[in-house]
Amino acid sequence: MPLSRLSDADAASSLAALLDSAMDAIISIDEGEHIVLYNRAAEATFGWPARDVLGQPLSMLLPPRFRGGHAAHVKQFAATGVTVSGGTLTNFVGTGSDY
């Protein structure tokens, strides 16, 4: 059944299942840079369960040396809609629960 024909609840459930089954870590933040979405692959990548991360600042996943610069990049993206890397994939350095 196409997603457009699903009820809001079924569409939300389908999206949640898709995000949870993704092989890549998917993290979303709100305007205050607090984590609002964190899938199973993110749990495996960073070593933090979602219950410990949701609502926390994104900076908890970034090494200290990158925290200030990343905040500036997020503000630039919010203002312009353009990523600092110009939309190309770049290497990501993060920190996990065991660091």
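The shown structure was predicted, so the numbers you read here are calculated from the model rather than taken from an experiment.

1. A look at helix α4 (residues 64-80)
(1) Moving on: Here α4 is 17 residues long and its end C-alpha atoms lie 25 Å apart, about the 24 Å a rise of 1.5 Å per residue gives.
(2) Moving on: Trailing α4 by a residue or two, Gly81 shows a phi angle of about 75 degrees, which is positive.

2. Considering the confidence of the model for the chain
Close inspection of predicted coordinates is inappropriate in any region flagged by low pLDDT.
(1) Moving on: Overall, the predicted model of the chain reaches an average pLDDT of 83, with 80% of residues at or above 70.
(2) Moving on: Least confident of the elements in the chain is α4, whose mean pLDDT is 83; most confident is helix α3 (residues 50-53), at 96.

3. Examining the pattern of salt bridges
(1) Moving on: Considering all chains together, one arrives at one salt bridge under this definition.
(2) Moving on: A salt bridge links Asp20 to Arg40, with the nearest nitrogen and oxygen atoms 2.8 Å apart. Residue Asp20 is found in helix α1 (residues 8-21), and its partner Arg40 is found in helix α2 (residues 40-46); the two are separated by 20 residues along the sequence.
(3) Moving on: On the basis of relative accessibility, which here comes to 53%, the residue Arg40 falls in the exposed class.

Scoring rules and cut-offs
- Residues numbered from 1 in each chain as written.
- Predicted model: local features only at pLDDT ≥ 70, side-chain atom pairs only at ≥ 80, totals over all residues.
- Heavy atoms only, no water.
- Helix = DSSP H or I, 4+ residues; strand = E, 2+ residues; numbered from the N terminus.
- Expected span 1.5 Å × (residues − 1).
- pLDDT = per-residue confidence, 0-100.
- Salt bridge = Lys/Arg side-chain N within 4 Å of Asp/Glu carboxyl O.
- Buried < 20%, exposed > 50% of the residue type's maximum accessible area, 1.4 Å probe, protein only.

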